[in-house]
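Survey of secondary and tertiary structure
Below, each chain spelled out in residue letters.
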Amino acid sequence: MVHRITLTLLLLALLAPQAAWSQTAELEALNTLFSGSVVMKLDRKQQLVIDLYDASGRFRQDVVAASSVDPATIHFSADEDAIILGCVSADARCFRKELFKSNSVRMTGRCNLPRPLEDADGSATIEALRAFIGAHAATAAETRSSGQRMK
């Protein structure tokens, strides 16, 4: 009995930080704005995972290191009726897009997200995306990368 309790507490201690990684207040705000058409979360590598849904279900998944997204490039495109995100480097391909219907994966330099219906000009969504990128970039700067070793 004591071993089960110890094992349960150990598992909870290990899984609790992972749950905290996957959802932040900024991501909750973004997910609320998109009302289920787009769902965002952080994976274990602290990459932003963007799942896009239509009437038939999830049709695309974009994965990007949040620090690779340039907040200055986030804008609304009236022609596409979409929110556009770009990479920090203009010639970089930082977005990994997986299209489930065509069973393809490609790297691109931009990500287009459907404009939330309640956000006519996309300004609230752009502000929320910039808040997330800013908060995540500050957190990433405080965290030492796994490639560094103490001497």
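As a reminder, the structure under discussion sits directly above these lines.
Residues numbered from 1 in each chain as written. Predicted model: local features only at pLDDT ≥ 70, side-chain atom pairs only at ≥ 80, totals over all residues. Heavy atoms only, no water.

A few points about helix α2 (residues 25–34)
- Within the span of α2, buried status applies to Leu27, Leu30, Asn31 and Phe34. The buried residues of α2 occupy an angular sector of 95 degrees when the element is viewed end-on, so they sit on one face. Projecting away from the buried face of α2 at angles above 90 degrees are the exposed residues Ala25 and Thr32.
- One or two residues past the end of α2 sits Ser35, with phi positive at roughly 50 degrees. (Buried < 20%, exposed > 50% of the residue type's maximum accessible area, 1.4 Å probe, protein only. Helix = DSSP H or I, 4+ residues; strand = E, 2+ residues; numbered from the N terminus. Arc of directions from axis to C-beta.)

Describing the pattern of salt bridges
- Inspection of every chain in the model, using the stated rule, returns 7 salt bridges.
- Between Asp51 and Arg58 there is a salt bridge, with the nearest N and O atoms lying 3.2 Å from each other.
- Taking the relative accessible area as the measure of exposure, Asp51 reaches 3% and is therefore buried.
- Note that Arg60 is salt-bridged to Asp62, the shortest N-O span being 2.9 Å. Accessibility assignment for this pair places Arg60 and Asp62 in one class, buried.
- Counted as one network, the salt bridges with shared partners bring together Lys41, Asp51 and Arg58. (Salt bridge = Lys/Arg side-chain N within 4 Å of Asp/Glu carboxyl O.)

A look at the state of the cysteines
- Summed over all chains, the structure comprises 1 disulfide.
- Linked covalently through their sulfurs, Cys87 and Cys94 form a disulfide whose S-S length is 2.1 Å. Between Cys87 and Cys94, the S-S dihedral sits near -100 degrees, and the bridge is therefore left-handed.
- Given a relative accessible area of 5%, Cys87 falls into the buried group. (Disulfide = S-S within 2.5 Å.)

Structural notes on the environment of Thr108
- Looking at the element boundaries, Thr108 is found in strand β7 (residues 104–108).
- Along the sequence, Thr108 and Lys97 sit 11 residues apart, while their C-alpha atoms lie 7.2 Å from each other.
- Among residues more than four places away in sequence, those in contact with Thr108 are Cys87, Ala92, Arg93, Cys94, Phe95 and Lys97.
- Reaching out from Thr108, the side chain makes a polar contact with the backbone oxygen of Arg110 at a distance of 2.9 Å. (Contact = heavy atoms within 4.5 Å. Polar contact = N/O pair within 3.5 Å; in protein donor to acceptor, adjacent residues only side chain to side chain.)

What to know about the pairing of β7
- Pairing of strand β6 (residues 95–99) with β7 involves 5 bridges; the strand directions are antiparallel. If you follow Phe95 over to β7, its bridge partner there is Thr108.
- Where β6 folds back on β7, the antiparallel hairpin that results is connected by 4 residues, among which Asn103 adopts a positive phi of roughly 55 degrees. (Pairing = 2+ DSSP bridges.)

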